[in-house]
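Read off the chains here:
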There are 2 protein chains.
Amino acid sequence: MSSSILVVGSVALDTVETPFAKVEEVLGGAASYFSTAASLYSPVNLVAVVGTDFPQEYLEFFRRRAINLAGLQVRQGRTFRWFGRYHLDMNVRDTLDTQLGVYADFHAVIPPEYRDSSLLFLANIQPGLQQEVLDAMPRVRLSVLDSMDLWINTARPQLTEVMKRVDIMLMSEEELRLYTGCSSVVAGARQLFNLGLKYVIVKQGSYGALLFGQDGSYFSAPAYPLEEVVDPTGAGDAFAGGLLGYLSTVEPGPDGHYRFEDLKRAVVHGNILGSFVCEDFSIRRLQQLTLADVAARYQTLVACSHFDPNWLPSHSSETSTAG
Amino acid sequence: MSSSILVVGSVALDTVETPFAKVEEVLGGAASYFSTAASLYSPVNLVAVVGTDFPQEYLEFFRRRAINLAGLQVRQGRTFRWFGRYHLDMNVRDTLDTQLGVYADFHAVIPPEYRDSSLLFLANIQPGLQQEVLDAMPRVRLSVLDSMDLWINTARPQLTEVMKRVDIMLMSEEELRLYTGCSSVVAGARQLFNLGLKYVIVKQGSYGALLFGQDGSYFSAPAYPLEEVVDPTGAGDAFAGGLLGYLSTVEPGPDGHYRFEDLKRAVVHGNILGSFVCEDFSIRRLQQLTLADVAARYQTLVACSHFDPNWLPSHSSETSTAG
């Protein structure tokens, strides 16, 4: 049994420059990356807005992926555009330009057929809009929030109000430091639990991700070792897509909550989807992706992160037999 | 059964400033950190030089730790001094001053009683000196090499010659990028195997460490989640101490080589010793440390990095029973 997933966020046209290549006006935006990743597991209900200039081919792509477009508004005007440039260390990028277009006066409208979605992802948009979505979806089983340095710096009180109402907060390490003022990620995550969050997930890019539970539980998820990164844009949103996509296939426990073991696996799925996205521009690599590909990387991550739970040498006897 | 470990490197007096505190002329130097960590597991044979100003109390400390000082030269002059300052992000530091003192014309002399050491750590010193030590220790079972950006920039050909003669190379991510020119750690490590190395270990500070094998084997070791970092100085050398210390307690396989599973555990021990060092200035935290403390962190790392090897939800049946 699988549950449906609701996402509210941006659908955009991205122009991206890396030290090695450049693409113009390709499909981008947090909601696009998230939906493409999550729809590998379960149907996704998309809430976003595009302009009348949005390419038909991308709409058709969404429809082929079991991404419900009932909540996608098409408004007179230009689609949101983002221009970014990466450094040689691809963990670092500059935003050269942002053109809000039809997002300037966007308000989420949740179609009635979306109301039964059990999982909610509030991608990185203005915290006031995230509040409106939470108001409209009071019965959701699990809510996950993403944000960015812009809102921490300019709308901190509103962002804090949203954080108090969700189950899981996703943050990069830099965002966590910026929000909490803690130099230590462990201390910073602990501080966030004062807001009532159940889990905090710290995204660490090419270093993997950390999962902290309100009860002190902790998990460090390895990154998939990529030989080449073509474009890291959207990796955090694809991470969220893998996380919620996986959880959509899991039955919560008898108390209605997901088990920590399931959260752990979900974070590993997040890392896997994030790794695939980096292998090409836009959502291109996800287009061909199957769950069998995900399963293969899952096994690789098991193999490369598990080690003998006995801390002392266990084979003194083995060797004497062998000798 | 345990083997003895030979280390050649610096013994120094460090003055360290962090955003929160400062210490002056405390015991420092790669060989000090390494020896203190490794001597938790096995006897350590130290080769280094200090000046006549070197505090007696530190010599006594070494002696109490089963650190053999037959190879520690005491020369007329000043002990090596290092002055460093950390940023708020403690992964970043500036070296304010380095005073070589008696290291300026140091040559390693290996006492005859050290010749049977089976494990060798060449801490970060001039590659020419590292060559001399390799010449003097032709029958060592395993050799591990550390270096730094200074030698990559100023003595690259000599460093490369040393790398061709050792089994394991330790590098930070930045050093690996600098040496190979590869932006990807995976591609960079692969490139190093052309030199004949058996393993490459990439130290990632608060993100843990990666172990690459010549045959394509790979392991990602989680970092111990520290709530507070007091001073990261020496973490890389304590890492090496945990790594070789653990291996000194392990019998190699019938072919004379260590098993990959043992290397994995050794890297975890390295991360653990590195984490302890960060909890206080100098080697202070290691002074009280017992193997029971190491074992406790080992269990924590097992618990926080292992996850269900089945990638699909396994409890659909469980829940139907529970419901």
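The shown structure was predicted, so the numbers you read here are calculated from the model rather than taken from an experiment. (Residues numbered from 1 in each chain as written. Chains lettered and ligands numbered in written order. Predicted model: local features only at pLDDT ≥ 70, side-chain atom pairs only at ≥ 80, totals over all residues. Heavy atoms only, no water.)

Regarding the relation of the copies chain A and chain B
Two chain copies, one operation linking them: a rotation about an axis together with a shift along it. For the match of chain A to chain B, the screw axis carries a shift of 0.0 Å, the RMSD comes to 0.0 Å, and the turn is 180 degrees. Both copies of the chain, as the preceding transformation shows, are related through a two-fold rotation axis. Residue A:His306 of chain A places its C-alpha closer to the rotation axis than any other residue of that unit, at 2.8 Å. A symmetric contact is evident, with 100% of the interface residues of chain A recurring at the interface of chain B. (Least-squares fit on C-alpha atoms with pLDDT ≥ 70 in both. Contact = heavy atoms within 4.5 Å.)

Notes on the interface of chain A and chain B
For interface size, the figure often reported is the accessible area lost on association. The partner chain B presents 52 residues to the 52 residues of chain A that form the contact. Interface of chain A and chain B: buried area, both sides summed, is about 4600 Å²; carbon and sulfur atoms make up 58% of it. Note that B:Asp308 and A:Arg265 form a salt bridge whose closest N and O atoms lie 3.4 Å from each other. Between the two partners, chain A and chain B, sit 24 residue pairs in polar contact (both at pLDDT 80 or more). Listed by contribution, the elements that provide at least two residues to the side of chain A that touches chain B are helix H7 (185-192), strand S13 (218-221), helix H9 (260-277), helix H11 (291-305) and helix H12 (316-322) of chain A. Per-element tally for the side of chain A that touches chain B: the top contributor is H11(A), with 10 residues. Among the residues forming the side of chain A that touches chain B, the class breakdown is 28 nonpolar, 13 polar and 11 charged. (Buried area = accessible area lost by both parts, 1.4 Å probe. Salt bridge = Lys/Arg side-chain N within 4 Å of Asp/Glu carboxyl O. Polar contact = N/O pair within 3.5 Å; in protein donor to acceptor, adjacent residues only side chain to side chain. Helix = DSSP H or I, 4+ residues; strand = E, 2+ residues; numbered from the N terminus. Nonpolar A, V, L, I, M, F, W, Y, C, P; charged D, E, K, R; others polar.)

Looking at the pattern of salt bridges
For the structure shown, the criterion picks out 34 salt bridges over all chains. Put simply, B:Arg265 and B:Asp262 hold a salt bridge, and the shortest N to O gap is 3.4 Å. Of this pair, B:Arg265 and B:Asp262 both sit in helix H9 (residues 260-277), three residues apart, which is roughly one turn of the helix. Across this residue pair, the class does not change: B:Arg265 and B:Asp262 are buried. A cluster of three or more residues bridged by salt bridges with shared partners is formed by A:Arg259, A:Asp262, A:Arg265 and B:Asp308. (Buried < 20%, exposed > 50% of the residue type's maximum accessible area, 1.4 Å probe, protein only.)

Some words on the environment of A:Pro254
Tracing the sequence through the fold places A:Pro254 in the loop between helix H8 (235-247) and H9. A sequence separation of 83 residues divides A:Pro254 from A:Met171, and the C-alpha atoms of the two residues are 29 Å apart.

What about the pairing of strand S7 (residues 93-99) of chain B?
All names here are of chain B. Sheet topology note: the strand S6 (residues 80-86)/S7 ladder contains six bridges and is antiparallel. Within S7, the position partnered with Tyr 86 by the bridge is Arg 93. Counting the residues in the hairpin turn of S6 and S7 gives six residues. (Pairing = 2+ DSSP bridges.)

Considerations on the packing of helix H6 (residues 173-180) of chain B against helix H7 (residues 185-192) of chain B
All names here are of chain B. It is at 10 Å that the axes of H6 and H7 come closest, and there the two elements cross at 60 degrees. Here H6 is positioned oblique relative to H7, judged by the angle of their axes. When you trace H6 past H7, the crossing you get is left-handed. Packed against H6, whose contacting residues are Glu 173, Leu 176, Arg 177, Tyr 179 and Thr 180, the element H7 presents Val 185, Gly 188, Ala 189, Gln 191 and Leu 192 at the interface. (Axes fitted to C-alpha atoms, helices over the stretch in contact; angles between N-to-C directions. Parallel < 35°, antiparallel > 145°, perpendicular 65-115°, else oblique. Left-handed = near helix turned anticlockwise from the far one by under 90°.)

A few points about the environment of B:Leu159
Inspection of the secondary structure assignment puts B:Leu159 in helix H5 (residues 156-163). Sequence-distant contacts of B:Leu159, that is, excluding residues within four places in its chain, are made with B:Pro127, B:Leu145, B:Ser147, B:Trp151, B:Ile152 and B:Tyr179.

Comments concerning the packing of aromatic side chains
Inspection of every chain in the model, using the stated rule, returns 19 aromatic pairs over all chains. Arranged with centres 5.5 Å apart and planes meeting at 85 degrees, the rings of A:Tyr298 and B:Phe307 form a pair that is edge-to-face. Residue A:Tyr298 is found in helix H11, and its partner B:Phe307 is found in the loop between helix H11 (291-305) and helix H12 (316-322); the two belong to separate chains. Exposure remark for B:Phe307: the relative accessible area of 3% places this residue in the buried category. The interplanar angle of 45 degrees and the centroid separation of 5.1 Å between the aromatic rings of B:Phe212 and B:Tyr218 together place this pair among those described as tilted. In this structure, B:Phe212 and B:Tyr218 share a single accessibility class: buried. One cation-aromatic arrangement involves A:Arg156 over A:Tyr179; the distance from NZ or CZ to the ring centre is 4.0 Å. A cation sits over an aromatic face here: B:Arg297 above B:Tyr224, 4.0 Å from the ring centre. (Phe/Tyr/Trp six-rings, centres within 6.5 Å; stacked < 30°, edge-to-face > 60°. Lys NZ or Arg CZ within 6 Å of the ring centre and 35° of its normal.)

Some points on unusual backbone geometry
Of all residues except glycine, most have a negative phi; of all peptide bonds, most are trans. All names here are of chain A. Its identity as a non-glycine residue notwithstanding, Glu 25 has a phi of 50 degrees, on the positive side. Tracing the chain through its elements places Glu 25 in strand S3 (residues 22-28). Among the residues examined, Glu 25 registers a relative accessible area of 35% and is labelled partly exposed.

Looking at H6(B)
All names here are of chain B. Among the residues making up H6, those that are buried are Glu 173, Glu 175, Leu 176, Tyr 179 and Thr 180. The buried residues of H6 all sit within an arc of 160 degrees when viewed along its axis, so they share a single face. If you follow the buried residues of H6, they end up packed against helix H4 (149-154), H5, strand S10 (168-172), H7 and strand S11 (199-203). Positive phi shows up at Gly 181, right after H6, with a value of about 75 degrees. (Arc of directions from axis to C-beta.)

Some details on the side chain of A:Asp14
All names here are of chain A. Within the fold, Asp 14 resides in strand S2 (residues 12-17). In this structure, Asp 14 is buried with no salt-bridge partner, the nearest side chain bearing the opposite charge being Arg 93 at 7.2 Å. Excluding residues that lie within four positions of it along the chain, Asp 14 makes contacts with Val 23, Glu 24, Glu 25, Val 26, Gly 28, Gly 29, Tyr 33, Trp 82 and Thr 233. (Lys, Arg positive; Asp, Glu negative; His and termini not counted.)

Considerations on the UniProt feature "domain: Carbohydrate kinase PfkB" (unreviewed entry) in chain A
Within the UniProt annotation, "domain: Carbohydrate kinase PfkB" (unreviewed entry) is assigned to residues 150-281 of chain A. Across residues 150-281 of chain A one finds 45% helix and 14% strand; the C-alpha atoms that close the span lie 24 Å apart. (UniProt positions renumbered as here; feature names shortened; annotations may be inferred.)

Comments concerning the packing of helix H3 (residues 127-136) of chain A against helix H5 (residues 156-163) of chain A
Residue and element names in this part refer to chain A. The interhelical angle for the contact between H3 and H5, taken along N-to-C directions, is 25 degrees, at an axis separation of 9 Å. Viewed along their axes, H3 and H5 adopt a mutual orientation that is roughly parallel. The two elements H3 and H5 meet at a crossing, and its hand is left-handed. Taking contact as the criterion, the partners of Pro 127, Gln 130, Gln 131 and Leu 134 in H3 are, on H5, Gln 158, Leu 159, Glu 161 and Val 162. Looking at the contact of H3 with H5 residue by residue, the class counts come to four nonpolar, three polar and one charged.

Some words on the sheet that holds strand S8 (residues 119-122) of chain B
Residue and element names in this part refer to chain B. The strand order across the open sheet built from nine strands is S5-S4-S1-S8-S9-S10-S11-S12-S13, with neighbouring strands paired in mixed fashion. Only two strands of the sheet have a single partner each, and these edge strands are strand S5 (67-75) and strand S13 (218-221). When the angles between neighbouring strand axes are averaged without regard to direction, this sheet yields 15 degrees. Relative to S11, S10 runs parallel, the two being bridged by five bridges.

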